[in-house]
Amino acid sequence: MTIQLPGAGGALRTYEPRTEPLAVTPGTPFTSRTVFSAAHVVADPFADVSPDSPAAVDWDATLAFRRHLWSHGLGVAEAMDTAQRGMGLDWAGAAELIRRSAAEAKAVGGRIACGVGTDQITGGTLAEIRAAYEEQLALVEESGAQAILMASRALAAAATGPEDYLDVYGHLLRQAAEPVVLHWLGPMFDPALAGYWGSADLDAATDTFLEVIAAHPDKVDGIKVSLLEAQREIDIRRRLPQGVRCYTGDDFNYPELIAGDEQGFSHALLGIFDPLGPLAAQAVRILDTGDTAGFRALLDPTVELSRHLFQTPTRFYKTGVVFLAWLSGHQAHFTMVGGLQSARSLPHFARAYELADGLGLFPDPKLAEDRMKTLLALYGVTR
């Protein structure tokens, strides 16, 4: 069985898919690392909506995918960037997602942490931004989930300097019922977050970020750093107070950051662990035995796929994630909230298919091949 795949220049080339998937099975809970997958949402393809309409979500398929992640021992980071938060999923949709996923986590014993932001407002004063954060924090805490304080577009626009970030985050941390995760999302994921923590200079921004944590170490479970700079994450990790974890959000360098060095390691909260879930879980279980080389041998080959999905413009990585979920049989269609399935090109999809197939990610390689051929036919590739 072969398939004709287009390259960047438009010429077709023959690819022979593998016939057997990578053998992975659910296993015991992780012991050496805490690992979250930031999970995508499944759109309702039958809803009569436009890209400007409120999100129409297929709740059954969305929750089924979360059960898939939990079955492999992964935690679910809910209502985050991967769920198209701020790119098709508004606060009303995110709130419903949090309620439903938190209830499902309780029912099946899955670990869940949920994003807290300010996306119910588009701007405002610092007091209004604090109130928006408080509203979302209250909902997440009421659901029984752990809170992840996400970066705020409104705060990035309203803040006049580092002191505004210290004030807003200090206020929220003082009132948080349980330790939270602080999330620093770089502008490559969301251009509206440029200059976060009060400076475009990353060294100065890092100092402010760490000052927030140092003032409230008992209220910070950990940090998630999504700057795609491995050395900066390592430097931040080494400066954290005792007991505060670093959850890598670096979808370019995650194997080395999770493996760590003689001075420490990162846990993980990654969008790439949505399509890599079972393989990533198997790798972490190998790491649990102390076999760092075995962990790297399994996970290092996935980096090429991750870098492909997260290539510039990085914020459209969600399209590749959902595409692979469709090929893998986790959903019956390739439709996305906000019509975002159009955000990547056919050569991009073809390369994603080839890399994922080469890793053995598709539980049913024949289904993946058939669906890839369906997509190709829609684009006019008929042989």
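Located above this text is the structure these notes cover.
Residues numbered from 1 in each chain as written. Predicted model: local features only at pLDDT ≥ 70, side-chain atom pairs only at ≥ 80, totals over all residues. Heavy atoms only, no water.

On to the overall build of the protein chain. Each helix and strand counted, the protein chain has 14 helices and 10 strands in total. Here the C-alpha radius of gyration of the protein chain, 20 Å, is about what a compact globule of 383 residues would show, namely 21 Å. When its C-alpha atoms are laid out on the principal axes, the protein chain stretches across 60 × 50 × 45 Å. Residue pairs at least 24 apart in sequence account for 70% of intrachain contacts in the protein chain once pairs closer than 6 positions are excluded. Just so you have it, the protein chain exposes about 14,900 Å², and 51% of that area is on carbon and sulfur atoms. (Helix = DSSP H or I, 4+ residues; strand = E, 2+ residues; numbered from the N terminus. Rg over C-alpha atoms; globule rule 2.2 N^0.38 Å. Contact = heavy atoms within 4.5 Å. Areas by Shrake-Rupley, 256 points an atom, 1.4 Å probe, with all protein chains shown as cover.)

This paragraph deals with the environment of Glu304. Tracing the backbone through its elements, the reader meets Glu304 in helix H11 (residues 303-309). Polar contacts involving the side chain of Glu304 include one to the side chain of Arg351, which spans 2.8 Å. (Polar contact = N/O pair within 3.5 Å; in protein donor to acceptor, adjacent residues only side chain to side chain.)

This part is about the layout of surface pockets. Considering only enclosed or pocket space, the largest pocket measures out at about 490 Å³ in volume. Considering the residues around the largest pocket, the lining is formed by 26 residues, among which Arg85, Gly86, Asp119, Arg153 and Asp190 are closest to the centre. When grouped by side-chain class, the residues that make up the lining of the largest pocket number 11 nonpolar, 8 polar and 7 charged. (1 Å grid on protein atoms, 1.4 Å probe; cavity = no way out; pocket = protein on both sides within 12 Å on 5 of 7 lines; lining within 4 Å. Points joined across faces, edges and corners; volume = space filled by probe spheres on them. Nonpolar A, V, L, I, M, F, W, Y, C, P; charged D, E, K, R; others polar.)

A few words now on the sheet that holds strand E3 (residues 35-38). Strand order in the closed barrel formed by 8 strands is E3-E4-E5-E6-E7-E8-E9-E10, and the pairing between neighbours is parallel. Within the sheet, the average angular offset between the axes of one strand and its neighbour, ignoring direction, is 25°. Two elements, strand E9 (residues 245-248) and strand E10 (residues 267-270), share 2 bridges in a ladder whose sense is parallel. By the bridge assignment for E10, Tyr247 is matched with His267. (Pairing = 2+ DSSP bridges. Axes fitted to C-alpha atoms, helices over the stretch in contact; angles between N-to-C directions.)

This part takes up helix H2 (residues 91-108). For H2, built from 18 residues, the straight-helix expectation of 26 Å at 1.5 Å per residue is met to within 8% by its first-to-last C-alpha distance of 25 Å. If you follow the buried residues of H2, they end up packed against helix H1 (59-71), strand E4 (75-78), strand E5 (112-116) and helix H3 (126-143). Following H2 by one or two positions, Gly109 adopts a phi angle in the positive range, close to 75°. (Expected span 1.5 Å × (residues − 1).)

Counting buried positions along helix H12 (residues 317-327) yields 11 of 11 residues, so the element is predominantly enclosed. Along H12, the positions that sit buried rather than exposed are Tyr317, Lys318, Thr319, Gly320, Val321, Val322, Phe323, Leu324, Ala325, Trp326 and Leu327. Buried residues along H12 sit in contact with H11, helix H13 (346-359) and helix H14 (365-378). Backbone geometry just after H12 places Gly329 at a positive phi near 85°. (Buried < 20%, exposed > 50% of the residue type's maximum accessible area, 1.4 Å probe, protein only.)

With burial as the criterion, each face of strand E6 (residues 146-149) is covered, one bearing Gln146 and Ile148 and the other bearing Ala147 and Leu149. In the sheet, E5 pairs with E6 via 4 bridges, with the strands oriented parallel. Within E6, the position partnered with Ala113 by the bridge is Gln146. For the crossover that starts at E5, traverses H3 and ends in the parallel E6, the hand is right-handed. Across 2 bridges, the pairing between E6 and strand E7 (residues 180-185) is parallel. Residue pairing across strands places Ile148 opposite Val181, the latter belonging to E7. (Right-handed = clockwise from strand over helix to strand, strands pointing away.)

Below, the discussion takes up the nonpolar core. The biggest cluster of nonpolar side chains holds 118 residues, and the ones touching the most others in it are Leu182, Tyr196, Phe273 and Phe323. In terms of residues, this core owes the most to one element, H13, which gives 8 residues. The residues touching Phe273, leaving out its near neighbours within four places in the chain, are Val35, Phe36, Ser37, Leu69, Leu74, Tyr254, Ile258, Ala268, Ala280 and Leu299. Among the nonpolar cores identified, the runner-up in size contains 10 residues, and Ala77, Ala113, Val181 and Tyr247 belong to it. (Core = buried A, V, L, I, M, F, W, Y, C linked by side-chain atoms within 4.5 Å.)

Our focus in this paragraph is the packing of aromatic side chains. Considering all chains together, one arrives at 20 aromatic pairs under this definition. Between Phe310 and Tyr317, the aromatic rings sit 4.2 Å apart at their centres with planes inclined by 15°, giving stacked as the arrangement. Both residues of the pair, Phe310 and Tyr317, count as buried. Three or more aromatic residues joined by ring pairs make a cluster, and in this case those are Tyr133, Tyr165, Tyr169, Trp184, Tyr196, Trp197 and Phe209. Over the ring of Phe265 we find Arg33, and its NZ or CZ is 3.5 Å from the ring centre. (Phe/Tyr/Trp six-rings, centres within 6.5 Å; stacked < 30°, edge-to-face > 60°. Lys NZ or Arg CZ within 6 Å of the ring centre and 35° of its normal.)

Another point: the pairing of E5. Counting buried residues in E5 gives 5 out of 5 residues, a clear majority hidden from the surface. Burial of E5 is two-sided: the residues Ile112, Cys114 and Val116 facing one way and the residues Ala113 and Gly115 facing the other way are all buried. In the sheet, E4 pairs with E5 via 3 bridges, with the strands oriented parallel. Its bridge partner lying in E5, Val76 is registered against Ile112. As a crossover connection, the stretch from E4 through H2 into E5 is right-handed.

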